[in-house]
Amino acid sequence: NAGVMQNPRHLVRRRGQEARLRCSPMKGHSHVYWYRQLPEEGLKFMVYLQKENIIDESGMPKERFSAEFPKEGPSILRIQQVVRGDSAAYFCASSPPGLAGPSGANVLTFGAGSRLTVL
Amino acid sequence: AQKVTQAQTEISVVEKEDVTLDCVYETRDTTYYLFWYKQPPSGELVFLIRRNSFDEQNEISGRYSWNFQKSTSSFNFTITASQVVDSAVYFCALSGSSGGYQKVTFGIGTKLQVIP
């Protein structure tokens, strides 16, 4: 049973380019989350999605960042016109459907992360 | 609003010592879940434990134990007889009913170094 798959693991971009990070959730999971990890700041929530729906994007910058989780295919976090401050590790997590309590739907399974470096 | 505070940013212990990682949380929700995750040097976060706000029983799993105290809003994590493999960053986290339990807020993490 494959876990949460993220690619690429490492991505280097020059300022102004676009970065696309992909996440395939664990089999059977219908919820996807993106977190950003910066040194000295821990993990910061960015966005929570279900298939074809953004449920909560309160942690995502309003400009240049977007996320989607299409009916088919992986979830994608897209960063346009990257700047040096976007350099970070971006983690995707998934959880099963259902209520948080009985099903453990808020127990997140994390991917290995995608490390973005902006030159 | 939810907040998780891990006041210890880095801890170093000698192998076989016991170590406690502190976690203090804030939430207005009456129902919530608390978590601990481990991030070893490889980078991937590993789930360790989830407790709900109605269950204040302490839990022990091998060398790991957790002390949940609602009165002090704390959910501390103790590793007994630490080993080098315990070296990692440990995150405490919280999700509450106001976020549908799905939005998980993490603390800044405590980096634990176990010295052989």
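Predicted model, so just to flag it, every value in this text is computed and none were measured. Per chain, residue numbering runs from 1 following the sequence as it is written. Chains and ligands are labelled sequentially in the order written, the chains with letters from A and the ligands with numbers from 1. In keeping with the predicted nature of the model, local features appear solely for residues at pLDDT of at least 70, side-chain atom pairs appear and are counted solely at 80 or more, and the whole-chain, interface and lining totals rest on all residues. Water and hydrogen atoms play no part in the side-chain values, which are based on all heavy atoms of the structure.

S.K.: So what's going on with the overall build of chain A? Which residues, and what values?
M.R.: Helix and strand assignments follow DSSP, with helices taken as H or I runs no shorter than four residues and strands as E runs no shorter than two, numbered in order from the N terminus. When its secondary structure is counted, chain A shows 1 helix and 11 strands. Counting from the amino terminus, helix and strand elements in chain A follow one another as β-β-β-β-β-β-β-β-β-α-β-β. The C-alpha atoms of chain A give 14 Å as radius of gyration, which agrees with the globular expectation for 119 residues (14 Å, within 12%). Across its three principal axes, chain A shows a C-alpha extent of roughly 45 × 30 × 30 Å. For chain A, buried positions account for 46% of its 119 residues. Considering only contacts in chain A between residues 6 or more positions apart, those separated by 24 or more positions represent 54%. When the accessible surface of chain A is totalled, it reaches about 5900 Å², and 48% of it is carbon and sulfur. Note on charges: Lys and Arg go in the positive column, Asp and Glu in the negative column, and His and the chain ends are not counted at all. Just so you know, the charge point we use is NZ for Lys, CZ for Arg, CG for Asp and CD for Glu. Computed over 16 positive and 10 negative side-chain charges, the separation of the two mean positions in chain A equals 7 Å. Atoms counted for the radius of gyration: C-alpha only. Globule rule: 2.2 Å times residue count to the power 0.38. Only protein chains enter the accessibility calculation, which uses a 1.4 Å probe; a residue is then buried when its area is under 20% of its type maximum, exposed when over 50%, and partly exposed in between. By definition in these notes, contact holds between two residues if any of their heavy atoms fall within 4.5 Å. Per-residue and other accessible areas were derived by the Shrake-Rupley procedure at a 1.4 Å probe size, with only the shown protein chains allowed to occlude residues.

S.K.: Summarise the interface of chain A and chain B; cite the residues concerned and give the values.
M.R.: Listed per partner, the contact involves 26 residues of chain A and 19 residues of chain B. Accessible area, probed at 1.4 Å, shrinks when two parts are joined; the buried area is that loss added up over both. Across the interface of chain A and chain B, roughly 1800 Å² is buried in total on both sides, 54% from carbon and sulfur atoms. The largest share of the area that chain A buries against chain B comes from L43(A), N106(A) and F110(A), three residues that together contribute 31% of it. We count a salt bridge whenever a side-chain nitrogen from Lys or Arg sits within 4 Å of a carboxyl oxygen from Asp or Glu. Across the contact surface, chain A and chain B share 0 salt bridges. Throughout this description, a polar contact denotes any pair of N or O atoms lying within 3.5 Å of each other; where both atoms belong to protein, one of them has to be capable of donating a hydrogen while the other can accept it, and for residues adjacent in sequence the pair is counted only when both atoms sit in side chains. Where chain A touches chain B, the interface holds 4 residue pairs in polar contact (both at pLDDT 80 or more). For the side of chain A that touches chain B, the secondary structure elements donating two or more residues are β4 (31-38), β5 (42-50) and α1 (100-103) of chain A. Each residue is assigned to one of three groups, with Ala, Val, Leu, Ile, Met, Phe, Trp, Tyr, Cys and Pro labelled nonpolar, Asp, Glu, Lys and Arg labelled charged, and all others, Gly among them, labelled polar. Of the residues belonging to the side of chain A that touches chain B, the class tally is 12 nonpolar, 9 polar and 5 charged.

S.K.: Can you lay out the environment of D18(B) for me, pointing to particular residues and giving the numbers?
M.R.: Residues and elements named next belong to chain B. By the secondary structure assignment, D18 is in the loop between β2 (10-14) and β3 (19-21). Using a relative accessible area of 51% as the deciding quantity, one classes D18 as exposed. Taking the C-alpha atoms as reference points, D18 and S82, 64 residues apart in sequence, are found 5.9 Å from one another. The contact partners of D18, leaving out residues within four places of it in the chain, are I79, T80 and A81.

S.K.: Account for the pairing of strand β6 (residues 53-56) of chain A, naming residues and giving values.
M.R.: If a strand is regular, its side chains alternate between the two faces of the sheet. Residue and element names in this part refer to chain A. DSSP bridges decide pairing: two strands pair if at least two such bridges lie between them. As judged from the 3 bridges shared by β5 and β6, these two strands associate in the antiparallel manner. Counterpart to L49 in the pairing with β6 is I54. From the end of β5 to the start of β6, which pair antiparallel, there are 2 residues, and E52 there has a positive phi angle of about 65 degrees.

S.K.: Now, about the side chain of R36(A): what can you tell me, with residues and values included?
M.R.: Residue and element names in this part refer to chain A. Its location among the elements puts R36 in strand β4. This buried residue, R36, is left without a salt bridge; D86 holds the nearest opposite charge, at 4.2 Å. At a separation of 3.5 Å, a polar atom in the side chain of R36 contacts the side chain of Y90.

S.K.: How would you summarise the sheet that holds strand β7 (residues 65-68) of chain A if you had to cite specific residues and measurements?
M.R.: All names here are of chain A. Strands sit in the order β1-β3-β8-β7 across an open sheet of 4 strands; the sheet is antiparallel. Edge positions in the sheet fall to β1 (5-7) and β7, since each of these pairs with one other strand and no more. When strand polarity is set aside, the average angle formed by the axes of neighbouring strands in this sheet is 15 degrees. The pairing of β7 with strand β8 (residues 75-79) spans 4 bridges and is classified as antiparallel. Its bridge partner lying in β8, E68 is registered against I76. Axes here refer to lines fitted to C-alpha atoms; in helices the fit is confined to the stretch in contact. Angles between the N-to-C directions go from 0 to 180 degrees.

S.K.: Can you break down the state of the cysteines residue by residue, with the values?
M.R.: A disulfide bridge is the covalent bond that connects two cysteines by way of their sulfur atoms. Residue and element names in this part refer to chain A. For the purposes of this analysis, a disulfide is any pair of cysteine sulfur atoms at a distance within 2.5 Å. Taken as a whole and assessed by the stated rule, the structure comprises 2 disulfides over all chains. Sulfur-sulfur distance for the disulfide between C23 and C92 comes to 1.8 Å. Linking C23 and C92, the disulfide has an S-S dihedral of approximately -60 degrees and is accordingly described as left-handed. Here the residue C23 occupies a position in strand β3 (residues 19-24), and C92 occupies one in strand β9 (residues 88-95), the gap between them amounting to 69 residues. Of the two residues, C23 and C92, both sit in the buried class.

S.K.: Break down unusual backbone geometry for me, with residues and values.
M.R.: Here the residue pair N7(A) and P8(A) is connected by a cis peptide bond, since its omega of -5 degrees sits within 30 degrees of zero. Considering the arrangement of structural elements, one finds P8(A) in the loop between β1 and β2 (10-13). Despite not being glycine, S73(B) has its phi angle at roughly 50 degrees, a positive value. Inspection of the secondary structure puts S73(B) in the loop between β8 (64-69) and β9 (74-79). The backbone of A81(B) shows a phi angle near 50 degrees, a positive value even though the residue is not glycine.

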